[in-house]
Amino acid sequence: MKNIWDALLSEEHRMVRETARRLAEKELAPIARELDEQERFPMEAYREAGRNGLIGSTSPVEYGGGGADLLTNALIKEEFCRVAAGFGMSVNMCTTNFCYFISKYGSEKQKTTYIPPVLNGEKLAAFCLTEPEAGSDALAIKTTYAKKGAAYVLNGSKTFITNAPLAQYFLVMAREHGTRGAGGGTLFILDREMPGVSTGQPFEKMGMRCSPTGEVFLDHVEVSGEQIMGAEGHGYPILFETLDEERVLGAVTSIGIMQACLEESVKYAKERKQFSQPICDFQLVKNMLAEMATRLELARHYAYSLCPLIDDGRRISKEASIAKYYASSMATQAALDAIQIHGGYGYMREYPVERYMRDAKLVEIGGGTSEIQKMIIARELLKEI
(Lines give C-alpha, C1' and ligand atoms only; values in the text may rest on other atoms or scores of the structure.)
Protein backbone atom coordinates (compact mmCIF):
# COMPACT_ATOMS: atom_id res chain seq x y z
CA MET A 1 0.00 0.00 0.00
CA LYS A 2 1.47 3.35 -1.07
CA ASN A 3 2.58 5.59 1.78
CA ILE A 4 3.76 9.20 1.67
CA TRP A 5 6.01 8.35 4.61
CA ASP A 6 8.37 6.68 2.12
CA ALA A 7 9.49 10.08 0.86
CA LEU A 8 10.85 10.92 4.31
CA LEU A 9 12.97 7.78 4.57
CA SER A 10 16.59 7.49 3.52
CA GLU A 11 17.62 5.01 0.87
CA GLU A 12 19.18 2.84 3.60
CA HIS A 13 15.94 2.84 5.57
CA ARG A 14 13.92 1.82 2.53
CA MET A 15 16.35 -0.99 1.69
CA VAL A 16 16.22 -2.45 5.20
CA ARG A 17 12.45 -2.20 5.30
CA GLU A 18 12.20 -3.96 1.93
CA THR A 19 14.44 -6.76 3.20
CA ALA A 20 12.24 -7.18 6.26
CA ARG A 21 9.10 -7.09 4.12
CA ARG A 22 10.36 -9.76 1.75
CA LEU A 23 11.34 -12.02 4.63
CA ALA A 24 7.99 -11.53 6.35
CA GLU A 25 6.04 -12.26 3.17
CA LYS A 26 8.14 -15.32 2.29
CA GLU A 27 8.82 -16.90 5.68
CA LEU A 28 5.87 -15.80 7.83
CA ALA A 29 2.82 -14.99 5.71
CA PRO A 30 2.25 -18.54 4.37
CA ILE A 31 2.30 -20.03 7.87
CA ALA A 32 0.97 -17.17 10.04
CA ARG A 33 -2.36 -18.86 10.70
CA GLU A 34 -0.65 -22.19 11.37
CA LEU A 35 1.74 -20.55 13.86
CA ASP A 36 -1.19 -19.02 15.69
CA GLU A 37 -3.18 -22.23 15.85
CA GLN A 38 -0.21 -24.37 16.88
CA GLU A 39 1.20 -21.70 19.22
CA ARG A 40 4.56 -22.30 17.59
CA PHE A 41 7.52 -19.94 17.31
CA PRO A 42 9.11 -20.15 13.83
CA MET A 43 12.79 -20.71 14.60
CA GLU A 44 13.46 -21.14 10.89
CA ALA A 45 12.23 -17.60 10.20
CA TYR A 46 14.18 -16.32 13.21
CA ARG A 47 17.39 -17.82 11.84
CA GLU A 48 16.66 -16.29 8.44
CA ALA A 49 16.16 -12.91 10.10
CA GLY A 50 19.55 -13.35 11.73
CA ARG A 51 21.20 -14.23 8.44
CA ASN A 52 19.74 -11.05 6.93
CA GLY A 53 20.93 -8.81 9.76
CA LEU A 54 17.39 -8.04 10.93
CA ILE A 55 17.81 -9.01 14.59
CA GLY A 56 20.81 -6.86 15.41
CA SER A 57 20.13 -3.76 13.33
CA THR A 58 20.94 -1.39 16.21
CA SER A 59 23.73 -3.41 17.84
CA PRO A 60 27.37 -2.36 17.33
CA VAL A 61 29.06 -3.60 14.17
CA GLU A 62 31.96 -5.11 16.10
CA TYR A 63 29.58 -7.64 17.71
CA GLY A 64 27.81 -8.59 14.50
CA GLY A 65 25.16 -5.86 14.46
CA GLY A 66 24.27 -3.22 11.93
CA GLY A 67 25.06 -0.13 13.98
CA ALA A 68 21.89 1.50 12.66
CA ASP A 69 19.49 3.97 14.28
CA LEU A 70 16.29 3.27 16.19
CA LEU A 71 14.12 4.10 13.18
CA THR A 72 15.70 1.17 11.34
CA ASN A 73 14.69 -1.15 14.16
CA ALA A 74 11.17 0.31 14.13
CA LEU A 75 10.77 -0.23 10.38
CA ILE A 76 11.85 -3.86 10.71
CA LYS A 77 9.48 -4.44 13.60
CA GLU A 78 6.52 -2.92 11.77
CA GLU A 79 7.03 -5.27 8.83
CA PHE A 80 7.23 -8.33 11.08
CA CYS A 81 4.21 -7.28 13.15
CA ARG A 82 2.17 -6.56 10.03
CA VAL A 83 2.36 -10.27 9.16
CA ALA A 84 2.85 -12.03 12.53
CA ALA A 85 2.82 -9.68 15.50
CA GLY A 86 4.02 -12.32 17.95
CA PHE A 87 7.14 -12.90 15.88
CA GLY A 88 7.91 -9.19 15.82
CA MET A 89 7.49 -9.01 19.58
CA SER A 90 9.78 -11.98 20.24
CA VAL A 91 12.47 -10.68 17.89
CA ASN A 92 12.35 -7.23 19.45
CA MET A 93 12.79 -8.76 22.89
CA CYS A 94 16.12 -10.13 21.66
CA THR A 95 17.08 -6.98 19.78
CA THR A 96 16.19 -4.34 22.35
CA ASN A 97 15.66 -5.88 25.77
CA PHE A 98 18.71 -8.12 25.59
CA CYS A 99 21.32 -7.21 22.98
CA TYR A 100 20.82 -3.46 23.30
CA PHE A 101 21.14 -3.60 27.09
CA ILE A 102 24.29 -5.68 26.93
CA SER A 103 25.90 -3.66 24.13
CA LYS A 104 25.42 -0.50 26.19
CA TYR A 105 26.07 -1.69 29.74
CA GLY A 106 27.73 -5.10 29.53
CA SER A 107 31.40 -6.01 29.94
CA GLU A 108 33.48 -6.81 26.89
CA LYS A 109 33.30 -10.51 27.74
CA GLN A 110 29.52 -10.34 28.03
CA LYS A 111 29.23 -8.58 24.69
CA THR A 112 31.35 -11.11 22.82
CA THR A 113 29.72 -14.08 24.56
CA TYR A 114 26.02 -13.28 24.44
CA ILE A 115 25.33 -10.86 21.59
CA PRO A 116 26.56 -12.77 18.48
CA PRO A 117 24.55 -16.01 19.05
CA VAL A 118 21.36 -13.99 19.39
CA LEU A 119 22.01 -11.65 16.48
CA ASN A 120 22.73 -14.48 14.06
CA GLY A 121 19.51 -16.26 14.96
CA GLU A 122 20.99 -19.20 16.85
CA LYS A 123 19.66 -18.36 20.31
CA LEU A 124 16.59 -16.69 21.76
CA ALA A 125 16.84 -14.39 24.76
CA ALA A 126 14.41 -13.16 27.40
CA PHE A 127 14.17 -10.16 29.71
CA CYS A 128 12.84 -11.17 33.12
CA LEU A 129 11.22 -8.47 35.22
CA THR A 130 7.53 -9.20 35.81
CA GLU A 131 6.51 -11.37 38.75
CA PRO A 132 3.17 -12.66 40.08
CA GLU A 133 2.94 -9.68 42.46
CA ALA A 134 5.02 -7.19 40.49
CA GLY A 135 3.53 -6.17 37.16
CA SER A 136 2.91 -2.46 36.75
CA ASP A 137 4.79 -1.91 40.02
CA ALA A 138 8.23 -2.98 38.82
CA LEU A 139 9.82 -1.97 42.12
CA ALA A 140 7.84 -4.63 44.00
CA ILE A 141 9.85 -7.62 42.76
CA LYS A 142 10.61 -10.35 45.27
CA THR A 143 13.31 -12.22 43.36
CA THR A 144 16.39 -11.73 45.52
CA TYR A 145 20.10 -12.38 45.56
CA ALA A 146 22.44 -12.84 48.48
CA LYS A 147 26.20 -12.68 48.53
CA LYS A 148 28.04 -15.88 49.30
CA GLY A 149 31.71 -15.00 49.44
CA ALA A 150 32.60 -13.87 45.93
CA ALA A 151 29.43 -15.46 44.51
CA TYR A 152 25.79 -14.40 44.27
CA VAL A 153 22.86 -16.73 44.94
CA LEU A 154 19.52 -15.94 43.25
CA ASN A 155 16.09 -17.17 44.29
CA GLY A 156 12.64 -16.31 42.96
CA SER A 157 10.34 -16.60 39.97
CA LYS A 158 9.26 -14.51 37.00
CA THR A 159 6.06 -14.70 34.98
CA PHE A 160 4.64 -13.48 31.65
CA ILE A 161 8.18 -13.61 30.26
CA THR A 162 8.37 -13.35 26.47
CA ASN A 163 10.48 -16.13 24.92
CA ALA A 164 10.97 -17.88 28.28
CA PRO A 165 10.02 -21.42 27.16
CA LEU A 166 12.62 -21.41 24.36
CA ALA A 167 15.21 -18.89 25.49
CA GLN A 168 18.81 -19.84 26.09
CA TYR A 169 19.73 -16.59 27.83
CA PHE A 170 17.88 -14.63 30.51
CA LEU A 171 18.51 -11.07 31.64
CA VAL A 172 17.06 -11.12 35.15
CA MET A 173 16.26 -8.28 37.53
CA ALA A 174 16.80 -9.22 41.17
CA ARG A 175 17.23 -7.18 44.30
CA GLU A 176 19.65 -7.65 47.13
CA HIS A 177 17.92 -9.33 50.04
CA GLY A 178 16.53 -6.75 52.45
CA THR A 179 16.50 -3.78 50.05
CA ARG A 180 13.47 -1.76 48.92
CA GLY A 181 12.56 0.70 46.18
CA ALA A 182 14.90 1.54 43.33
CA GLY A 183 17.96 0.73 45.40
CA GLY A 184 19.41 -2.77 45.42
CA GLY A 185 18.17 -3.85 41.98
CA THR A 186 20.79 -5.65 39.91
CA LEU A 187 20.65 -7.21 36.44
CA PHE A 188 22.13 -10.69 35.99
CA ILE A 189 22.76 -12.56 32.73
CA LEU A 190 21.85 -16.21 33.18
CA ASP A 191 22.11 -19.24 30.91
CA ARG A 192 19.51 -21.99 30.75
CA GLU A 193 22.23 -24.57 31.48
CA MET A 194 23.08 -23.05 34.87
CA PRO A 195 22.01 -25.25 37.80
CA GLY A 196 18.79 -23.97 39.35
CA VAL A 197 17.49 -22.20 36.21
CA SER A 198 14.28 -23.67 34.80
CA THR A 199 11.16 -22.63 32.91
CA GLY A 200 7.52 -23.67 33.01
CA GLN A 201 5.23 -24.82 30.26
CA PRO A 202 4.28 -22.21 27.65
CA PHE A 203 1.20 -20.21 28.60
CA GLU A 204 -1.94 -20.69 26.53
CA LYS A 205 -2.73 -17.17 25.39
CA MET A 206 -5.54 -15.25 23.72
CA GLY A 207 -3.23 -13.61 21.17
CA MET A 208 0.41 -13.25 20.13
CA ARG A 209 0.31 -17.04 20.17
CA CYS A 210 3.44 -17.62 18.09
CA SER A 211 5.46 -15.72 20.70
CA PRO A 212 6.26 -18.19 23.52
CA THR A 213 5.50 -16.84 26.99
CA GLY A 214 6.01 -18.48 30.35
CA GLU A 215 7.58 -18.57 33.80
CA VAL A 216 11.21 -18.59 34.86
CA PHE A 217 12.24 -20.22 38.13
CA LEU A 218 15.45 -19.52 40.02
CA ASP A 219 16.28 -22.02 42.75
CA HIS A 220 19.56 -21.22 44.48
CA VAL A 221 21.23 -20.17 41.24
CA GLU A 222 24.84 -19.46 42.14
CA VAL A 223 26.85 -17.22 39.81
CA SER A 224 29.97 -15.11 39.91
CA GLY A 225 30.13 -11.34 39.63
CA GLU A 226 30.91 -11.78 35.93
CA GLN A 227 27.19 -12.40 35.37
CA ILE A 228 26.22 -8.95 36.63
CA MET A 229 25.37 -6.56 33.81
CA GLY A 230 26.42 -3.02 34.67
CA ALA A 231 27.22 -2.13 38.24
CA GLU A 232 25.69 -3.94 41.17
CA GLY A 233 22.68 -2.01 42.46
CA HIS A 234 22.23 -0.09 39.18
CA GLY A 235 19.60 -2.36 37.63
CA TYR A 236 16.67 0.00 37.97
CA PRO A 237 18.46 3.12 36.68
CA ILE A 238 19.44 1.11 33.58
CA LEU A 239 15.85 -0.09 33.16
CA PHE A 240 14.33 3.37 33.60
CA GLU A 241 16.78 4.87 31.12
CA THR A 242 15.48 2.66 28.32
CA LEU A 243 11.73 2.84 28.99
CA ASP A 244 11.16 5.52 26.35
CA GLU A 245 12.62 3.30 23.66
CA GLU A 246 10.60 0.31 24.81
CA ARG A 247 7.35 2.29 24.70
CA VAL A 248 7.97 3.72 21.25
CA LEU A 249 8.71 0.23 19.96
CA GLY A 250 5.55 -0.96 21.68
CA ALA A 251 3.68 1.59 19.60
CA VAL A 252 5.33 0.14 16.50
CA THR A 253 3.85 -3.29 17.28
CA SER A 254 0.41 -1.67 17.15
CA ILE A 255 1.27 0.21 13.96
CA GLY A 256 2.12 -3.06 12.21
CA ILE A 257 -1.20 -4.57 13.28
CA MET A 258 -3.09 -1.44 12.17
CA GLN A 259 -1.44 -1.61 8.75
CA ALA A 260 -2.51 -5.23 8.39
CA CYS A 261 -6.07 -4.38 9.42
CA LEU A 262 -6.27 -1.60 6.85
CA GLU A 263 -4.85 -3.69 4.01
CA GLU A 264 -7.20 -6.60 4.65
CA SER A 265 -10.19 -4.30 5.04
CA VAL A 266 -9.57 -2.40 1.80
CA LYS A 267 -9.06 -5.64 -0.09
CA TYR A 268 -12.20 -7.23 1.29
CA ALA A 269 -14.34 -4.11 0.84
CA LYS A 270 -13.45 -3.99 -2.85
CA GLU A 271 -14.20 -7.68 -3.41
CA ARG A 272 -17.27 -8.27 -1.25
CA LYS A 273 -20.60 -7.40 -2.89
CA GLN A 274 -23.95 -6.70 -1.30
CA PHE A 275 -27.02 -5.32 -3.06
CA SER A 276 -25.18 -5.87 -6.37
CA GLN A 277 -22.29 -3.55 -5.57
CA PRO A 278 -18.96 -3.69 -3.68
CA ILE A 279 -19.40 -2.74 -0.05
CA CYS A 280 -16.67 -0.14 -0.47
CA ASP A 281 -19.32 1.92 -2.29
CA PHE A 282 -21.28 2.33 0.95
CA GLN A 283 -20.53 5.49 2.90
CA LEU A 284 -20.42 3.81 6.31
CA VAL A 285 -17.71 1.42 5.08
CA LYS A 286 -15.81 4.33 3.54
CA ASN A 287 -15.99 6.14 6.87
CA MET A 288 -14.48 3.19 8.73
CA LEU A 289 -11.68 2.87 6.19
CA ALA A 290 -10.95 6.60 6.33
CA GLU A 291 -10.86 6.65 10.12
CA MET A 292 -8.66 3.57 10.20
CA ALA A 293 -6.18 5.16 7.78
CA THR A 294 -6.16 8.47 9.65
CA ARG A 295 -5.43 6.87 13.01
CA LEU A 296 -2.73 4.70 11.48
CA GLU A 297 -0.89 7.60 9.85
CA LEU A 298 -1.07 9.75 12.97
CA ALA A 299 0.26 6.92 15.12
CA ARG A 300 3.05 6.06 12.67
CA HIS A 301 4.29 9.60 12.07
CA TYR A 302 4.22 10.48 15.74
CA ALA A 303 6.01 7.34 16.91
CA TYR A 304 8.65 7.47 14.19
CA SER A 305 9.34 11.15 14.81
CA LEU A 306 10.42 10.22 18.34
CA CYS A 307 13.12 7.80 17.21
CA PRO A 308 15.79 10.44 16.43
CA LEU A 309 15.12 12.12 19.77
CA ILE A 310 15.82 8.87 21.61
CA ASP A 311 18.97 8.36 19.53
CA ASP A 312 20.08 11.83 20.68
CA GLY A 313 19.65 10.83 24.32
CA ARG A 314 16.62 13.04 25.00
CA ARG A 315 14.22 12.04 27.77
CA ILE A 316 10.74 11.94 26.28
CA SER A 317 8.68 10.09 28.86
CA LYS A 318 5.44 11.92 28.09
CA GLU A 319 5.79 11.62 24.34
CA ALA A 320 6.76 7.93 24.44
CA SER A 321 3.75 7.15 26.62
CA ILE A 322 1.48 9.12 24.29
CA ALA A 323 2.80 7.09 21.36
CA LYS A 324 2.20 3.74 23.04
CA TYR A 325 -1.17 4.66 24.53
CA TYR A 326 -2.58 6.10 21.32
CA ALA A 327 -1.23 3.43 18.97
CA SER A 328 -2.33 0.51 21.14
CA SER A 329 -5.84 1.91 21.62
CA MET A 330 -6.19 2.61 17.91
CA ALA A 331 -4.91 -0.82 16.94
CA THR A 332 -7.63 -2.49 18.98
CA GLN A 333 -10.20 -0.20 17.37
CA ALA A 334 -8.78 -0.88 13.91
CA ALA A 335 -9.10 -4.62 14.48
CA LEU A 336 -12.69 -4.26 15.65
CA ASP A 337 -13.51 -2.15 12.59
CA ALA A 338 -11.80 -4.68 10.32
CA ILE A 339 -13.96 -7.44 11.77
CA GLN A 340 -17.07 -5.31 11.33
CA ILE A 341 -16.22 -4.64 7.67
CA HIS A 342 -15.76 -8.37 7.12
CA GLY A 343 -19.08 -9.08 8.82
CA GLY A 344 -19.64 -12.72 9.74
CA TYR A 345 -16.48 -13.73 7.91
CA GLY A 346 -14.45 -11.48 10.19
CA TYR A 347 -15.45 -13.70 13.08
CA MET A 348 -14.10 -16.78 11.33
CA ARG A 349 -10.53 -18.02 11.60
CA GLU A 350 -10.42 -18.33 7.83
CA TYR A 351 -9.77 -14.59 7.74
CA PRO A 352 -6.83 -13.05 9.66
CA VAL A 353 -8.66 -10.07 11.16
CA GLU A 354 -9.88 -12.03 14.18
CA ARG A 355 -6.23 -12.83 14.92
CA TYR A 356 -5.32 -9.17 14.58
CA MET A 357 -7.87 -8.29 17.25
CA ARG A 358 -6.50 -10.88 19.66
CA ASP A 359 -2.93 -9.72 19.01
CA ALA A 360 -3.74 -6.01 19.29
CA LYS A 361 -5.20 -6.25 22.78
CA LEU A 362 -1.93 -7.34 24.35
CA VAL A 363 -0.20 -4.03 23.60
CA GLU A 364 -2.74 -2.25 25.80
CA ILE A 365 -1.52 -4.48 28.65
CA GLY A 366 2.13 -5.46 28.16
CA GLY A 367 5.07 -3.10 28.49
CA GLY A 368 3.07 -0.84 30.77
CA THR A 369 -0.73 -0.83 30.62
CA SER A 370 -2.68 1.97 28.97
CA GLU A 371 -3.68 3.13 32.44
CA ILE A 372 -0.02 3.43 33.44
CA GLN A 373 0.72 5.37 30.24
CA LYS A 374 -2.04 7.85 31.08
CA MET A 375 -0.66 8.26 34.58
CA ILE A 376 2.77 9.07 33.15
CA ILE A 377 1.34 11.53 30.63
CA ALA A 378 -0.60 13.35 33.34
CA ARG A 379 2.40 13.35 35.69
CA GLU A 380 4.65 14.92 33.10
CA LEU A 381 2.00 17.50 32.17
CA LEU A 382 1.67 18.54 35.80
CA LYS A 383 5.42 19.10 35.93
CA GLU A 384 5.36 21.28 32.82
CA ILE A 385 2.41 23.54 33.51
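Cut-offs and rules
- Residues numbered from 1 in each chain as written.
- Predicted model: local features only at pLDDT ≥ 70, side-chain atom pairs only at ≥ 80, totals over all residues.
- Heavy atoms only, no water.
- Salt bridge = Lys/Arg side-chain N within 4 Å of Asp/Glu carboxyl O.
- Buried < 20%, exposed > 50% of the residue type's maximum accessible area, 1.4 Å probe, protein only.
- Helix = DSSP H or I, 4+ residues; strand = E, 2+ residues; numbered from the N terminus.
- Polar contact = N/O pair within 3.5 Å; in protein donor to acceptor, adjacent residues only side chain to side chain.
- Contact = heavy atoms within 4.5 Å.
- UniProt positions renumbered as here; feature names shortened; annotations may be inferred.
- Axes fitted to C-alpha atoms, helices over the stretch in contact; angles between N-to-C directions.
- Nonpolar A, V, L, I, M, F, W, Y, C, P; charged D, E, K, R; others polar.
- Pairing = 2+ DSSP bridges.

## Thoughts on the pattern of salt bridges
Where charged atoms from two side chains of opposite charge approach closely, those side chains can pair. For the structure on display, the rule yields 29 salt bridges. For E133, the salt bridge goes to K142, with nearest N and O atoms at 2.7 Å. Residue class for K142 comes out exposed when judged on its relative accessible area of 53%. Between E384 and K318 there is a salt bridge, and its shortest N-O distance comes to 3.1 Å. With a gap of 66 residues between them, E384 in helix α12 (residues 370-384) and K318 in helix α10 (residues 317-342) connect regions that are remote in the sequence. The class for K318 is buried, based on a relative accessible area of 15%. Three or more residues are tied together by salt bridges with common partners; here these are R21, E25, E79, R82 and E263.

## Describing the side chain of N73
Residue placement: N73 occurs in helix α4 (residues 70-83). Within the local environment of N73, its side chain forms a polar contact with the side chain of T96, the two groups lying 3.3 Å apart. For N73, the contacting residues outside a window of four places in its chain are S57, T58, N92, T95, T96 and L249.

## Let's talk about the UniProt feature "domain: Acyl-CoA dehydrogenase/oxidase C-terminal" (unreviewed entry) in the protein
UniProt tags residues 233-382 as "domain: Acyl-CoA dehydrogenase/oxidase C-terminal" (unreviewed entry). Secondary structure content for residues 233-382 is 77% helix and 3% strand, while the C-alpha to C-alpha distance between its ends is 30 Å.

## Thoughts on the packing of α4 against helix α9 (residues 283-311)
For the pair α4 and α9, the least separation of the axes is 8 Å and the interaxial angle reads 145°. Between α4, through L70, L71, A74, L75 and E78, and α9, the contact on the second element is made entirely by R300, Y304, C307, I310 and D311. The residue makeup of the contact of α4 with α9, split by class, is seven nonpolar, no polar and three charged.

## A few points about the environment of M357
In this fold, M357 is placed in helix α11 (residues 353-363). Sequence separation of M357 and T332 is 25 residues, and the distance between their C-alpha atoms is 6.1 Å. Not counting residues within four places of it along the chain, the set of residues in contact with M357 comprises A335, L336 and I339.

## Concerning the UniProt feature "domain: Acyl-CoA oxidase/dehydrogenase middle" (unreviewed entry) in the protein
Under the UniProt annotation, "domain: Acyl-CoA oxidase/dehydrogenase middle" (unreviewed entry) lies at residues 126-221. The span residues 126-221 is 0% helical and 49% strand by assignment, and the distance between its end C-alpha atoms comes to 17 Å.

## Let's talk about the pairing of strand β5 (residues 185-191)
Of all the seven residues making up β5, seven are buried; the element is thus mostly covered by neighbouring parts of the structure. Because side chains alternate across β5, one face comprises the buried residues G185, L187, I189 and D191, and the other comprises T186, F188 and L190, equally buried. Across seven bridges, strand β4 (residues 169-176) lies against β5 in antiparallel orientation. Residue pairing across strands places M173 opposite L187, the latter belonging to β5.

## Remarks on the side chain of D337
Within the secondary structure layout, D337 lies in helix α10. A relative accessible area of 10% places D337 in the buried class. Leave out the neighbours within four places in its chain, and D337 touches M288, M292 and R295.

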